[in-house]
Amino acid sequence: MRICPIQNCAHKYNAINHTKNNTAPNFKSSMREVYKNQDTGDTFAITGPDKIGDAKFLYSNYTYFFRSGVPVKKDGKDWLDFAQLLDEEFKNAHHVNIYDFGCSDGSEACSIAISLIEALGKEKAKKFFPIMASDADYEIIKDAKRGKFDCTMEDIDAIDFHTNLNHKKYFNISNIAHPIYYKLESKDILKNTMNFKHKDFIAGLDEIKGKNNLIICRNFWAYMSPEKRDEAIQKLKEKTDSTSRIMIDTFDKEKGIGAKLEEAGFIEIQPNLYKPKTKIKRAS
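All values reported here derive from a predicted model rather than from experimental measurement.

Rules of the game
Residues numbered from 1 in each chain as written. Predicted model: local features only at pLDDT ≥ 70, side-chain atom pairs only at ≥ 80, totals over all residues. Heavy atoms only, no water. Helix = DSSP H or I, 4+ residues; strand = E, 2+ residues; numbered from the N terminus. Buried < 20%, exposed > 50% of the residue type's maximum accessible area, 1.4 Å probe, protein only. Lys, Arg positive; Asp, Glu negative; His and termini not counted. Salt bridge = Lys/Arg side-chain N within 4 Å of Asp/Glu carboxyl O. Contact = heavy atoms within 4.5 Å. Core = buried A, V, L, I, M, F, W, Y, C linked by side-chain atoms within 4.5 Å. Pairing = 2+ DSSP bridges. Axes fitted to C-alpha atoms, helices over the stretch in contact; angles between N-to-C directions.

Participant: Explain the side chain of Asp 100 to me, and be specific about the residues and the numbers.
Facilitator: With respect to the element layout, Asp 100 can be found in strand β4 (residues 97-101). Nearest to the buried, unbridged Asp 100 among oppositely charged side chains is Arg 218, at 6.4 Å. When sequence neighbours within four positions are dropped, the list of residues in contact with Asp 100 reads Glu 108, Ala 109, Ile 131, Met 132, Ala 133, Ser 134 and Ile 216.

Participant: How would you summarise the nonpolar core if you had to cite specific residues and measurements?
Facilitator: Formed by 47 residues in total, the largest nonpolar core has its most connected members in Ile 98, Leu 116, Phe 128, Phe 171 and Leu 190. The element contributing the most residues to this core is helix α3 (residues 107-120), with eight residues. Once residues within four sequence positions are removed from consideration, Phe 128 is found in contact with Leu 86, Asp 87, Phe 90, Val 96, Ile 98, Leu 116 and Leu 120. With 21 residues, the next largest nonpolar core counts Tyr 99, Ile 202, Cys 217 and Ala 232 among its residues.

Participant: Residue-level account of unusual backbone geometry, with values.
Facilitator: Where the residue is not glycine, phi is negative for most of them; where a peptide bond is considered, it is trans in most cases. In the segment running from Phe 129 into Pro 130, the intervening peptide bond is cis, with an omega of 0°. Assignment of secondary structure puts Pro 130 in the loop between α4 (122-125) and β5 (131-135). Unusually for a residue other than glycine, Leu 165 sits at a positive phi of about 60°. As for its position among the elements, Leu 165 is in the loop between α6 (153-162) and β7 (171-175). Its identity is not glycine, yet Asn 219 carries a phi of approximately 70°, on the positive side.

Participant: Which residues make up the sheet that holds β7, and what values go with them?
Facilitator: Strands sit in the order β6-β8-β7 across an open sheet of three strands; the sheet is antiparallel. Of all the strands in the sheet, the pair left with one neighbour each is β6 (148-151) and β7. The average undirected angle you get between the axes of adjacent strands in this sheet is 25°. Two strands pair when backbone bridges link them, and β7 and strand β8 (residues 182-186) are joined in this way by five bridges, in the antiparallel orientation. Each bridged residue has a counterpart across the sheet, and for Asn 172 the counterpart in β8 is Glu 185.

Next up, the structure:
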């Protein structure tokens, strides 16, 4: 779901020269903005350029399929290379827990699932499913659970690029009587590959347990308070071990999150992909 200004959508998908999103990324999806009334404390959402007076801005929504910035190895170019990288990083795991925080309308979780199936095959990809996707926005999670997406032709181009021109393998598509937007509905092949939950990032981190975890938390750190950032990084430190990986975005690194992770004892093993430093026992 990406109801956004035309200038932010008007690009053809290019797997190598990804278009950078300069619109505020977030925990949510589409251009649905949420505010808090300073007098009553009530929250409300708008989907257009309505004037909101003195209301306090809380967050906005913006997402699309196959969003740029995923980790790849040196010569990697697209999400299929990202899937191959995950296969390599977790080659010894029987099952991998993927936590997709700030999942918005589910476009990113779908992109991950499609990439894993296309790159590894359906059977081999099973160990990465279900992807546990969550978002702090209750309304957007309801949309994600329906498996229906409003999209542009650029989204369809991106899906085609990663599926050998076969978006129909994963979605039914229909025009919604609009010159730009289409409706996608996920097919059975994506059934059981994703679970969606209404959950705040900090609270969601408390539920992480076990080994072989991929924690995706990207494009929203800049909109957290410094105190919440520190709390989240401390929880990441507590919840991860040598089998865990943390994925952020270049946008987050530009805001200093990569440096904060390194200060907390993580190392960047591929662009935007981190793991805890291995603790070496000293000889007695």
